[in-house]
Amino acid sequence: MNTIRHKTKLAAAITLALATFSAQAAEVEVLHWWTSGGEAKSVAELKKLMQAKGDTWKDFAVSGGGGENAMTVLKSRVVAGDPPTAAQIKGPSIQEWGAEGVLADLSSTAKAGNWDTLLPPVVSKVMKYKGNYVAVPVNVHRVNWMWVNPAVFNKAGAKVPTTWAEFPDAADKLQKAGFIAVAHGGQPWQDFTIFESVVLGVGGPEFYQKAMVDLDQTALKSATMTKAFDTFRTVRKYVDKDFSGRDWNLATQMVIQGKAGMQFMGDWAKGEFTAAGKKPGKDYLCVDVPGTQGDFTFNIDSFVMFKQSSSDAKKGQEDLANAIMSPSFQETFNLNKGSIPARLDVKMDKFDDCAKKSNADFVASSKTGSLVPSIAHQMAVPAATTGAIQDVVTQFFNSNMSSKQAVEKLASAAKTQ
Ligand code: BGC
């Protein structure tokens, strides 16, 4: 009798335990814009980890490089009172969302996980709103890269340019040999990505900081900025006639397939080379944008969590935050994504030479003042200002606007709040 009662009690306990377990299997809906080959492979790692924790991953992917489409969709969901569990948001926008009062406070997870010691200050600063963690970083991307097909350069007898003065000669040679010199997708954020690198190469990091981060009117209206627009115009001469609207990863494919010589793009482009089985140093080269040797425009991807009332949802958010910060995720994700881990303690042994260079330059540039936030990737100034400046850059790229006019427009766009 006693044994039977004991067995019944045990069965009840097991049923209860199972029910509790399944109640804790949270569904996490995650908004992101990682839809290219390399990006999709990277985000699949996060999904795997969450599933291993017993959570259900609800993918909320909004295509469109640079994330503009994703941000529009996100706003409408939040306004409708139905935010996703987590969303890919970065830079000063984290502050803007924080001020709306809709973000979950991740302080206790961050404290338990020692995030303050694991993350470099340049990263942790971006993740906090009023001193509390509200975002989790997945990586550090470097934007000022030039992706080169060395076979194409060889065939054209062209030398990889290290300064903007050398650039036209190399580009001319590539064109004469029948190649597209610059693989580019004409979308505003891609134009802006080239522009910020040109500003850095022409003016140097101190100038970049003054103009693109501090929005200093004198720097914005300076002769150096006029020169940056002139150089940007030169780059425009070397893109093919079908560039308008092309996605960035299709432009990367042009370099991979040997149709084009080079592309100016952040190291998410490396994710495409990696996904295509290409090897750095052999099939392609990662080179500093002319004139930016050792400088580093950083772009940190991160996720915020939206306030939730149910304990299941909160558990899902905690699982997600812990998964993102785990060393194994930071390693695998970034091997696929082209970026470097946000955590300082992840070993770089498995990473290629491009990532190792990025890592070394990230550390070195943080000491010399040549580590600057990417404006094109929403790390430098508030979203409205970024948008206004980007509009000027794109208008210039797609018209005959003079550099002098562009400088005036740029300086007034920088006043947009
Ligand atoms: C993001 C990258 C992404 C790229 C292209 C950037 O703004 O930081 O993670 O791969 O846009 O979509």
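All values derive from a computational prediction rather than experimental measurement.

Conventions used here
- Residues numbered from 1 in each chain as written.
- Predicted model: local features only at pLDDT ≥ 70, side-chain atom pairs only at ≥ 80, totals over all residues.
- Heavy atoms only, no water.
- Helix = DSSP H or I, 4+ residues; strand = E, 2+ residues; numbered from the N terminus.
- Rg over C-alpha atoms; globule rule 2.2 N^0.38 Å.
- Buried < 20%, exposed > 50% of the residue type's maximum accessible area, 1.4 Å probe, protein only.
- Contact = heavy atoms within 4.5 Å.
- Areas by Shrake-Rupley, 256 points an atom, 1.4 Å probe, with all protein chains shown as cover.
- Lys, Arg positive; Asp, Glu negative; His and termini not counted.
- Charge placed at Lys NZ, Arg CZ, Asp CG, Glu CD.
- pLDDT = per-residue confidence, 0-100.
- Near = heavy atom within 4 Å.
- Polar contact = N/O pair within 3.5 Å; in protein donor to acceptor, adjacent residues only side chain to side chain.
- Axes fitted to C-alpha atoms, helices over the stretch in contact; angles between N-to-C directions.
- Parallel < 35°, antiparallel > 145°, perpendicular 65-115°, else oblique.
- Nonpolar A, V, L, I, M, F, W, Y, C, P; charged D, E, K, R; others polar.
- Pairing = 2+ DSSP bridges.
- Domains from an automatic or database assignment.
- Buried area = accessible area lost by both parts, 1.4 Å probe.
- Salt bridge = Lys/Arg side-chain N within 4 Å of Asp/Glu carboxyl O.
- Core = buried A, V, L, I, M, F, W, Y, C linked by side-chain atoms within 4.5 Å.
- Expected span 1.5 Å × (residues − 1).
- Bend = angle between axes of the 7 residues up to and from the residue.
- Arc of directions from axis to C-beta.

A. Region of the structure containing the overall build of the protein chain. Scanning the protein chain from terminus to terminus reveals 19 helices and 14 strands. Expected size for 417 residues packed as a compact globule is a radius of gyration near 22 Å; at 23 Å, the protein chain falls within 12% of this value. With the principal axes as the frame, the protein chain shows a C-alpha extent of 95 × 45 × 40 Å. In the protein chain, which comprises 417 residues, the proportion classed as buried is 55%. Contacts in the protein chain between residues at least 24 apart in sequence constitute 77% of all its contacts with a sequence separation of at least 6. Surface accessibility of the protein chain: about 17,400 Å² in total, with carbon and sulfur atoms responsible for 54%. Considering the protein chain, the positive charge centre built from 46 side chains and the negative charge centre built from 41 side chains are found 3 Å apart.

B. Expanded view of the confidence of the model for the protein chain. A residue-level look at the protein chain finds 94% of positions with pLDDT of 70 or above and a mean pLDDT of 94. Here helix α1 (residues 2-24) stands out as the element of the protein chain with the lowest mean pLDDT, 48, in contrast to strand β9 (residues 180-182), whose mean of 99 is the highest. Low confidence marks residues 1-5, where pLDDT is under 50. Its contacts with residues over four positions away, or in another chain, come to 0 contacts. Segment residues 14-23 is flagged for pLDDT under 50; beyond a separation of four residues in sequence, or across chains, it makes 1 contact in the model.

C. The site of the ligand, seen in detail. Around the ligand, 13 residues are found, and the nearest of them are E39, K90, D301, K337 and H377. Take E39: an N or O atom from its side chain is 2.5 Å from an oxygen atom of the ligand. Within the contact set of the ligand, an oxygen atom lies 2.8 Å away from a side-chain nitrogen or oxygen of K337. Starting from 310 Å² of accessible surface for the ligand in isolation, the protein chains cover 100%.

D. Seen up close, the packing of helix α2 (residues 37-52) against helix α14 (residues 268-275). Contact geometry of α2 with α14 gives a least axis separation of 7 Å together with a crossing angle of 90°. Taken as axis vectors, α2 and α14 run roughly perpendicular relative to one another. In contact with G37, G38, E39 and K41 of α2, α14 contributes G271, E272 and A275. Residue classes in the contact of α2 with α14 are distributed as 1 nonpolar, 3 polar and 3 charged.

E. Structural context of unusual backbone geometry. Look at K130: it is not a glycine, yet its phi comes out positive at around 50°. Unusually for a residue other than glycine, Q378 sits at a positive phi of about 55°. Within the secondary structure, Q378 sits in the loop between β14 (371-373) and α18 (383-397).

F. Local environment of the pairing of strand β10 (residues 260-264). The element β10 is extensively covered by neighbouring structure, given that 5 of its 5 residues are classed as buried. In this structure, strand β8 (residues 145-148) lies alongside β10, joined through 3 bridges in antiparallel fashion. Residue M146 lies in a different strand from β10, and its bridge partner there is F264. With 2 bridges connecting them, β9 and β10 associate as parallel partners. Of the residues in β10, the one forming a bridge with I180 is A260.

G. Looking closely at the domain arrangement of the protein chain. Taken domain by domain, the protein chain comprises domain 1 (24-141 + 299-357) and domain 2 (142-298 + 376-416). If you average the C-alpha positions of domain 1 and of domain 2, the two centres end up 27 Å apart. Taken together, the 28 residues of domain 1 in the interface contact 28 residues of domain 2. Across the domain 1/domain 2 interface, buried area totals approximately 2,300 Å², and carbon plus sulfur atoms make up 57% of it. When the area that domain 1 buries against domain 2 is broken down by residue, the three leading residues are N299, C354 and K357, summing to 24%. Applying the counting rule to domain 1 against domain 2 returns 2 salt bridges. Residues K357 and D288 are paired through a salt bridge, measuring 3.1 Å at the closest nitrogen-oxygen approach. Taken together, the links from domain 1 to domain 2 amount to 10 residue pairs in polar contact (both at pLDDT 80 or more).

H. Broad picture of the nonpolar core. L74, I89, W115, F306 and L320 are the most contacted members of the largest nonpolar core, which totals 59 residues. Element by element, the count of residues in this core is highest for helix α15 (residues 311-325), at 5 residues. Mapping this core onto the domain boundaries places at least three of its residues in each of domain 1 (24-141 + 299-357) and domain 2 (142-298 + 376-416). Residue contacts for L74: discarding those within four places in its chain leaves L31, P84, A87, I89, W97 and F306.

I. Representation of helix α10 (residues 188-213) within the structure. For α10, built from 26 residues, the straight-helix expectation of 38 Å at 1.5 Å per residue is missed by more than 12%, its first-to-last C-alpha distance being only 19 Å. The largest bend in α10 amounts to roughly 120° and is located at G204, with the proline P205 lying one to four residues further along. Counting buried positions over the 26 residues of α10 gives 20, a clear majority of the element.

J. Representation of helix α9 (residues 167-176) within the structure. Looking at α9, one finds that the buried residues are F167, A170, A171 and L174. Angular distribution of buried residues about the axis of α9 spans 95°; they occupy a single face of the element. In this structure, the buried side of α9 is in contact with α8 (150-156), β9, α12 (223-236) and β10. Immediately downstream of α9, the backbone of G178 shows phi near 95°, a positive value.

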